[in-house]
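Residues per chain are reported as follows:
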Number of protein chains: 2
Amino acid sequence: MDVEALRTFVAVAETGQFQADELGISQQAASKRIATLERHIGVTLLVRTSRGSRVSLDGQVFLPHAKKVLAAVEQAEQAVRPGSRPLRVDVLNRRIAPAQAVYRFYRSHPGADLDAVTLSQENAAQAARAVLEGTVDASFRALPADQVPTGISAERLLDAPLELLVGPGHPLADAPRVGPADLAGHRIWIPGIRPGTEWAAFYQALSEAFGLSIDALGPNFGDEALMDALADSAALATLVGSGDRYLWPQNHDLRRIPLHDPTPVYPHTLLFRSGDQHPVLTALRDHLRTTGPRTPREVWTPGWVDR
Amino acid sequence: MDVEALRTFVAVAETGQFQADELGISQQAASKRIATLERHIGVTLLVRTSRGSRVSLDGQVFLPHAKKVLAAVEQAEQAVRPGSRPLRVDVLNRRIAPAQAVYRFYRSHPGADLDAVTLSQENAAQAARAVLEGTVDASFRALPADQVPTGISAERLLDAPLELLVGPGHPLADAPRVGPADLAGHRIWIPGIRPGTEWAAFYQALSEAFGLSIDALGPNFGDEALMDALADSAALATLVGSGDRYLWPQNHDLRRIPLHDPTPVYPHTLLFRSGDQHPVLTALRDHLRTTGPRTPREVWTPGWVDR
DNA sequence: CACCGGACACAACCATCGGTTGTGAAAGTA
DNA sequence: TACTTTCACAACCGATGGTTGTGTCCGGTG
């Protein structure tokens, strides 16, 4: 049974003629459609005269059923219409740049139907699978363009500049700005980075590019422990995103020192299903493209990042 | 939205794979169907893996709606399925042969869902229109084959032999059998036949064929009045179908005298919508074809009757 | 009474669609 | 590594469903 034929039948039944102007098909096509429908269900639905058509008795029985089918179809389409449910965005971690960017987007789009979740996937490949399966609609990751699975689109929408975070006793504590190469010889500790993740790859590339010694291994005993260690050490430093909200460097007299010439940036990339029509997703991408903190200054990213 | 695609989606969702064996289509066809459906509604319904498919979150939302559409379609088809309502047969008049034939059919088919109605249409053309419009499903009439409207089928299924009905004083009252030609010169009165009807045409043809004087005009004052007149008259006669149930010739000592050589028969023809699939209609036609009182003897019918 | 116009069906034609078979890629398994 | 399973893509092709053109029916009209 063809849904379009039902639509045609309802229209003809209501207008009384096959002149289906608003149907967008010719009278002959409407005639064939309904003839096919009648042949399919085995009864005559319309009484044709030379001055129009009326519904037969069987047609009168069939009409409300046809309308019910059409209503069910409409409801089914409505139920999954893009935008009918909140957009689920994986922001990785509520402290870092993606979460704050999504929050700014939400502030500037008050009606946006949006859930920010933290999925805690191991790595970008698992996050991509979660996106593919619909667990979330989008996820902020950093993924080389040639590793994006089929069915997933990746857009680099958020560059997070890195800053050096040191305690008051560190030799660079009072420098107004630091170049990445200046960090050579200093010990940089970034706990909680698990091997095999894109974070590990990023810091690996960074250390190779500038001859740094970045210690990205070891368990993470919590931000407080890290900050305590930084505050007490004259040799230890770490790297954080310029927008990361740590509570609170001030409490420990920690210093954020911007990196320049070039500025290493972490290339947050939004993964989403190719062709996803969700209006909030579209708006979020537009927002990030136009208002994101992409800096015009010279930046450094790993070689495996596009552009 | 294609209903078949919904059916396919439900099957795939339940089996977990595109091996749509019971769908009667190939795996590739199922894949294309669902891809088209997904493109149409704008969301991904299934998560494809190399070992089957699972429904995505959107698919889980969509699935019950799809089932509802299919149920509505099934109900719509059920509502007008041939046989879902009683067959309405116009028997013209409960006294004459068609009504009795339908009654015999009903007796031999106890479960048959059947309404016998008397439509009181003026003539066969109007009855045909009523059939076409679905007011009744079938009507017993006598209609030349070349006057059957398009969309109507006509089957001559019931031959009603005529008998002479006379009072005890009539010259032919004691004849065991009479030939039509023997009636020439006798006055035959058949009240209640309106001009323009197929009955008038039948008696007109009969009178011309055998040189009879049939008075078919005049109002019908009721069967009782006719029988009273017959009982009292030595010159008056009328013609009745051999199966017609008049109450009661015996009361007036009326005589039924069969006509032979040839036997004029009234060719009751069943009009019904071409292609009507109603099982009771099919059974009724079969019944009449096999058990009807079609006589092998020599019969007379008007020239405009087929065969 | 002949003509006209509205409405539907039929015929011919054609693009699109939805099916098939054949093949390839991905991923789990022996 | 080789094999199996499963789904997607490509090529092909007949059926489907659209179009235009035309015919018929029938009621209204000059």
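Residues numbered from 1 in each chain as written. Chains lettered and ligands numbered in written order. Predicted model: local features only at pLDDT ≥ 70, side-chain atom pairs only at ≥ 80, totals over all residues.

Quick word on the overall build of chain A
Part 1 of the reasoning: Across its full length, chain A carries eight helices and 12 strands.
Part 2 of the reasoning: Taking 19 Å as the expected radius of gyration for a compact globule of 307 residues, we find that chain A reaches 30 Å, considerably beyond that expectation.
Part 3 of the reasoning: By principal-axis analysis of the C-alpha atoms, chain A measures approximately 100 × 35 × 30 Å.
Part 4 of the reasoning: Out of the 307 residues belonging to chain A, those deemed buried represent 38%.
Part 5 of the reasoning: Within chain A, residue pairs in contact and separated by at least 24 positions form 73% of the contacts whose partners lie at least 6 positions apart. (Helix = DSSP H or I, 4+ residues; strand = E, 2+ residues; numbered from the N terminus. Rg over C-alpha atoms; globule rule 2.2 N^0.38 Å. Buried ≥ 20, exposed ≤ 12 C-beta atoms within 10 Å, placed from the backbone. Contact = placed C-beta atoms within 7 Å.)

Details of the nonpolar core
Part 1 of the reasoning: Formed by 58 residues in total, the largest nonpolar core has its most connected members in A:Val131, A:Ala138, A:Tyr203 and A:Leu271.
Part 2 of the reasoning: Here the element with the most residues in this core is strand E6 (residues 152–166) of chain A; it accounts for eight residues.
Part 3 of the reasoning: Core analysis: the second largest hydrophobic core is formed by 57 residues, B:Val91, B:Phe105, B:Val131 and B:Phe272 among them. (Core = buried A, V, L, I, M, F, W, Y, C linked by C-beta atoms within 7 Å.)

A closer look at the protein's contact with DNA strand C
Part 1 of the reasoning: Around DNA strand C, the structure places 22 residues, and the nearest of them are A:Phe18, A:Ser31, B:Ser26, B:Ala29 and B:Ser50.
Part 2 of the reasoning: Only helix H2 (27–41) and strand E2 (52–55) of chain A together with helix H2 (27–41) of chain B provide two or more residues apiece to the surface near DNA strand C.
Part 3 of the reasoning: The greatest single-element share of the surface near DNA strand C, amounting to five residues, is contributed by H2(B).
Part 4 of the reasoning: A class-by-class count of the residues in the surface near DNA strand C yields three nonpolar, 12 polar and seven charged. (Near = placed C-beta within 6 Å. Nonpolar A, V, L, I, M, F, W, Y, C, P; charged D, E, K, R; others polar.)

Section: the protein's contact with DNA strand D
Part 1 of the reasoning: Surrounding DNA strand D, one finds 22 residues, the nearest of these being A:Ser26, A:Ala29, A:Ser50, B:Phe18 and B:Ser31.
Part 2 of the reasoning: Elements that contribute at least two residues to the surface near DNA strand D include exactly H2 of chain A together with H2 and strand E2 (52–55) of chain B.
Part 3 of the reasoning: The leading source of residues in the surface near DNA strand D is H2(A), at five residues.
Part 4 of the reasoning: Looking at side-chain class alone, the surface near DNA strand D contains three nonpolar, 12 polar and seven charged residues.

Topic: helix H8 (residues 279–291) of chain A
Residues and elements named next belong to chain A.
Part 1 of the reasoning: The end-to-end C-alpha separation of H8 is 18 Å, in line with the 18 Å expected for 13 residues at 1.5 Å each.
Part 2 of the reasoning: Turning to H8, its buried residues are Val 280, Leu 281, Leu 284 and Leu 288. One side of H8 holds all its buried residues, which, seen down the axis, span an arc of 100°. Residues of H8 that are exposed and point more than 90 degrees away from the buried face comprise Asp 286, Arg 289 and Thr 290.
Part 3 of the reasoning: On its buried face, H8 is in contact with strand E3 (87–90), helix H4 (97–108), strand E4 (114–117), strand E5 (138–141), E6 and strand E11 (263–273). (Expected span 1.5 Å × (residues − 1). Arc of directions from axis to C-beta.)

Topic: the interface of chain A and chain B
Part 1 of the reasoning: Across the contact, 30 residues belong to chain A and 30 residues belong to chain B.
Part 2 of the reasoning: Of all the elements in the fold, those that place two or more residues in the side of chain A that touches chain B are helix H3 (57–79) and helix H5 (124–133) of chain A.
Part 3 of the reasoning: No other element matches the 14 residues that H3(A) contributes to the side of chain A that touches chain B.
Part 4 of the reasoning: Looking at the side of chain A that touches chain B, its residues break down into 17 nonpolar, eight polar and five charged.

Thoughts on the relation of the copies chain A and chain B
The operation linking the two copies of the chain is a rotation about an axis combined with a translation along the axis.
Part 1 of the reasoning: Mapping chain A onto chain B is achieved by rotating through 180° and translating by 0.1 Å along the same axis, at an RMSD of 0.2 Å. Such a combination of rotation and displacement between the chain copies is what one expects of a two-fold axis. Measuring from the rotation axis to each C-alpha of chain A, the shortest distance belongs to A:Val69, at 3.0 Å.
Part 2 of the reasoning: Here 100% of the interface residues in chain A have copies in chain B that are interface residues too; the copies meet face to matching face. (Least-squares fit on C-alpha atoms with pLDDT ≥ 70 in both.)

A closer look at the pairing of strand E1 (residues 46–49) of chain A
Along any regular strand, the residues point their side chains to alternate faces of the sheet.
Residue and element names in this part refer to chain A.
Part 1 of the reasoning: Pairing analysis gives four bridges linking E1 to E2, with the strands arranged antiparallel. Note that in E2 the partner of Leu 46 across the bridge is Val 55.
Part 2 of the reasoning: Hairpin connection of E1 to E2: two residues between the antiparallel strands. (Pairing = 2+ DSSP bridges.)

Quick word on the domain arrangement of chain A
Part 1 of the reasoning: In terms of domains, chain A is made up of domain 1 (3–79) and domain 2 (87–300).
Part 2 of the reasoning: Between the C-alpha centres of domain 1 of chain A and domain 2 of chain A the distance comes to 58 Å. (Domains from an automatic or database assignment.)

Quick word on unusual backbone geometry
All names here are of chain A.
Part 1 of the reasoning: Residue Pro 262 is reached from Asp 261 by a cis peptide bond, and omega for that bond is -15°.
Part 2 of the reasoning: With respect to the secondary-structure elements, Pro 262 resides in the loop between strand E10 (255–258) and E11.
Part 3 of the reasoning: Its identity as a non-glycine residue notwithstanding, Asp 261 has a phi of 55°, on the positive side.
Part 4 of the reasoning: Residue classification places Asp 261 among the partly exposed positions, given that 13 C-beta atoms sit within 10 Å.

Points about the packing of helix H1 (residues 3–15) of chain A against H2(A)
Residue and element names in this part refer to chain A.
Part 1 of the reasoning: Between H1 and H2, whose axes approach to 9 Å, the crossing angle comes to 110°. Between H1 and H2, the angle falls in the class roughly perpendicular. Handedness of the crossing formed by H1 with H2: left-handed. The segment H1 lies against H2, with Glu 4, Ala 5, Thr 8, Phe 9 and Val 12 engaging Ala 30, Arg 33, Ile 34, Thr 36 and Leu 37.
Part 2 of the reasoning: In the contact of H1 with H2, the residues fall into six nonpolar, two polar and two charged. (Axes fitted to C-alpha atoms, helices over the stretch in contact; angles between N-to-C directions. Parallel < 35°, antiparallel > 145°, perpendicular 65-115°, else oblique. Left-handed = near helix turned anticlockwise from the far one by under 90°.)

A closer look at helix H5 (residues 124–133) of chain B
Since the α-helix advances by 3.6 residues per turn, residues separated by three or four positions end up pointing in the same direction.
Part 1 of the reasoning: If you check which residues of H5(B) are buried, you get B:Ala124, B:Ala127, B:Ala128, B:Val131 and B:Leu132. With its buried residues spanning 145° around the axis, H5(B) presents them on a single face.
Part 2 of the reasoning: Of the surrounding secondary structure, the elements contacted by the buried residues of H5(B) are E1 of chain A together with strand E3 (87–90), strand E5 (138–141), strand E6 (152–166), helix H6 (198–210) and strand E11 (263–273) of chain B.
Part 3 of the reasoning: A positive backbone phi angle near 90° is found at B:Gly134, which sits one or two residues after H5(B).

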